Amino acid sequence: MINYFDKKLESILNSRRTIAKERAQKNYEEILSAHPDLKEKIKIKKSLELEVSRNTALKKPCEEISARLSDTEKYIKDYVNANGIKFTSTYTCPLCKDTGYLDKKPCKCLVAEYNKLIRQNASLSPMPEFTFKDNTFATNGAPQAAGMNKLYAKMQAVVNKFHTTKYNCFLLCGASGVGKTSLAAAIANDLLDKNVSVMYLTSFELVNIFLDKHTRKDTAFRKAYDYVLACEMLIVDNLGAEPIYKNVTVEYLLSTLEKRLGENKKTMFLTQLDGQQLVNRYGSALLSKIADKNYSISIGYIQGEDLRKL
Ligand SMILES: [Zn+2]
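1. With respect to the environment of Ile302
Then comes step 1: Position of Ile302 among the secondary structure elements: in strand S7 (residues 296-302).
Then comes step 2: A relative accessible area of 12% places Ile302 in the buried class.
Then comes step 3: Along the sequence, Ile302 and Asn264 sit 38 residues apart, while their C-alpha atoms lie 27 Å from each other.
Then comes step 4: The residues touching Ile302, leaving out its near neighbours within four places in the chain, are Gln144, Met148, Leu151, Leu172, Cys173, Gly174, Ala175 and Val178.

Shown next as structure tokens:
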């Protein structure tokens, strides 16, 4: 789990605890109004407690009051037992009592809330359900099937060892419609199932986020840039289709990638351009960062049939 959503998760837990408190208070008041004798004794108990603590502070003797207090406590206890009264706190999660943690580890309710947040922020709009299991390259007979099948297996292995793999960067070049976005969606969905934070963006969307960050507008995009840096896997689809803004597109691509690599975060680029076209468009510095053999898997260039036309 990453820290990015800490504040949000804390406020979710806070509001849960507030609700639990209100429920408990309501439950308590209902019980007392149904049992006026008990209500009276509790009132007496409170005032005796006050007197005892006052006398103790003043170092006055208070044996008599203490005795009355324990009598009252016993009365209350017996009354509660005899009438089968239960003062319950109804927590949203009885397991962690809405603290979010069990033995200092995140409770499964907190993990579920976190999972909800990362899914909301993944912006996995094109194929929100597609998984590795939905890969049909084994049977669809497309010319790129064998290659894509291998690639699926390779990426599945990376996803399975996401936190330990040395690969931090992925470049997938291929013609339009060969199946790049489906693969990206499978990767994203599998990671989300493992509670890994993912952000899926077209390069067009990403550059809009850069532009907003650059012009320092205080908008939702600005916040989106924080998540572009924070998410554990950033997937940039259709690199090459975005506008080139001076001082923004290329510069931010490079600095964003550098920051992410510096923090061991993984980034995947999908593009219809080949290596030479990428160099021409972005310069060799970006491409050598993306395709560095020490930490990259780069695949180029997948030709094949446009699956959308099959
Ligand atoms: Zn819980």
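2. So, the layout of surface pockets
Then comes step 1: Roughly 160 Å³ of volume is contained in the second largest pocket.
Then comes step 2: Around the second largest pocket sit Phe162, His163, Thr165, Lys166, Asn168, Glu232, Glu263, Asn264, Lys265 and Lys266, which together line it.
Then comes step 3: Counted by class, the lining of the second largest pocket contains 1 nonpolar, 4 polar and 5 charged residues.

3. Focus on helix H4 (residues 108-122)
Side chains of residues three or four places apart in an α-helix project in the same direction, reflecting 3.6 residues per turn.
Then comes step 1: With 15 residues, H4 extends 21 Å between its outermost C-alpha atoms, agreeing within 8% with the 21 Å of an ideal straight helix rising 1.5 Å per residue.
Then comes step 2: Residues of H4 that are buried: Cys109, Leu110, Glu113, Tyr114, Asn115, Leu117, Ile118 and Ala122.
Then comes step 3: Ser123 sits one or two positions beyond H4 and adopts a positive phi of about 50°.

4. A short note on the sheet that holds S7
Then comes step 1: Strands sit in the order S4-S5-S6-S3-S7 across an open sheet of 5 strands; the sheet is parallel. Bordering the open sheet on either side are strand S4 (198-202) and S7, each of which pairs with just one other strand. Looking at each pair of strands side by side, their axes are set apart by 10° on average, direction ignored.
Then comes step 2: Summarising the sheet, strand S3 (residues 169-174) and strand S6 (residues 266-271) pair through 5 bridges and their orientation is parallel. Across the sheet, residue Leu172 finds its bridge partner in S6, namely Leu270.
Then comes step 3: Against the sheet, helix H9 (residues 249-262) touches S3, strand S5 (233-239) and S6, its axis set at about 145° to S6.

5. A look at the coordination of the zinc ion
Then comes step 1: Here the zinc ion is held by Cys93 (SG), Cys96 (SG), Cys107 (SG) and Cys109 (SG), and the distances to it run 2.3 Å.
Then comes step 2: Note that the zinc ion binds 4 donor atoms; their angles at the metal cover 105 to 113°, and the shape is tetrahedral.
Then comes step 3: Between the donor residues of the zinc ion, the gaps in sequence give the motif C-x2-C-x10-C-x1-C. Within this pair, whereas Cys96 is found in the loop between helix H3 (63-82) and strand S1 (101-102), its partner Cys109 is found in helix H4, the two being separated by 13 residues in sequence. The exposure classification of Cys96 matches that of Cys109, with both residues buried.

6. Here's the deal with the packing of aromatic side chains
Then comes step 1: In this structure the tally under the stated criterion is 11 aromatic pairs.
Then comes step 2: Measuring from centroid to centroid gives 5.0 Å for Tyr4 and Phe5, while their planes differ by 85°, and the two rings are edge-to-face.
Then comes step 3: In this structure Phe5 comes out as buried when scored by relative accessible area, which is 2%.
Then comes step 4: Aromatic ring contacts, followed pair by pair, group Tyr4, Phe5, Tyr114 and Tyr227 into a single cluster.
Then comes step 5: The ring centre of Tyr75 lies 4.7 Å from the NZ or CZ of Lys41, which sits over that ring.
Then comes step 6: It is Lys266 that lies over the ring of Phe162; its NZ or CZ is 5.2 Å from the centre.

7. Regarding the nonpolar core
Then comes step 1: Of all hydrophobic cores here, the largest spans 72 residues; its most connected members are Met155, Ile187, Met199, Met233, Ile235, Met268 and Phe269.
Then comes step 2: At 8 residues, the largest contribution of residues to this core is made by helix H6 (residues 180-193).
Then comes step 3: Other than its neighbours up to four places away in sequence, Ile235 contacts Ala184, Ala188, Val198, Met199, Tyr200, Leu201, Met268 and Leu270.
Then comes step 4: Leu32, Ile76, Tyr79 and Ile85 belong to the second largest nonpolar core, which has 8 residues in total.

Conventions we followed
Residues numbered from 1 in each chain as written. Predicted model: local features only at pLDDT ≥ 70, side-chain atom pairs only at ≥ 80, totals over all residues. Heavy atoms only, no water. Helix = DSSP H or I, 4+ residues; strand = E, 2+ residues; numbered from the N terminus. Buried < 20%, exposed > 50% of the residue type's maximum accessible area, 1.4 Å probe, protein only. Contact = heavy atoms within 4.5 Å. 1 Å grid on protein atoms, 1.4 Å probe; cavity = no way out; pocket = protein on both sides within 12 Å on 5 of 7 lines; lining within 4 Å. Points joined across faces, edges and corners; volume = space filled by probe spheres on them. Nonpolar A, V, L, I, M, F, W, Y, C, P; charged D, E, K, R; others polar. Expected span 1.5 Å × (residues − 1). Pairing = 2+ DSSP bridges. Axes fitted to C-alpha atoms, helices over the stretch in contact; angles between N-to-C directions. Donors = N, O, S within 2.8 Å, 3.2 Å for Na, K, Ca; no water. Tetrahedral: all angles 85-135°; square planar, octahedral: opposite > 155°, others 65-115°. Phe/Tyr/Trp six-rings, centres within 6.5 Å; stacked < 30°, edge-to-face > 60°. Lys NZ or Arg CZ within 6 Å of the ring centre and 35° of its normal. Core = buried A, V, L, I, M, F, W, Y, C linked by side-chain atoms within 4.5 Å.

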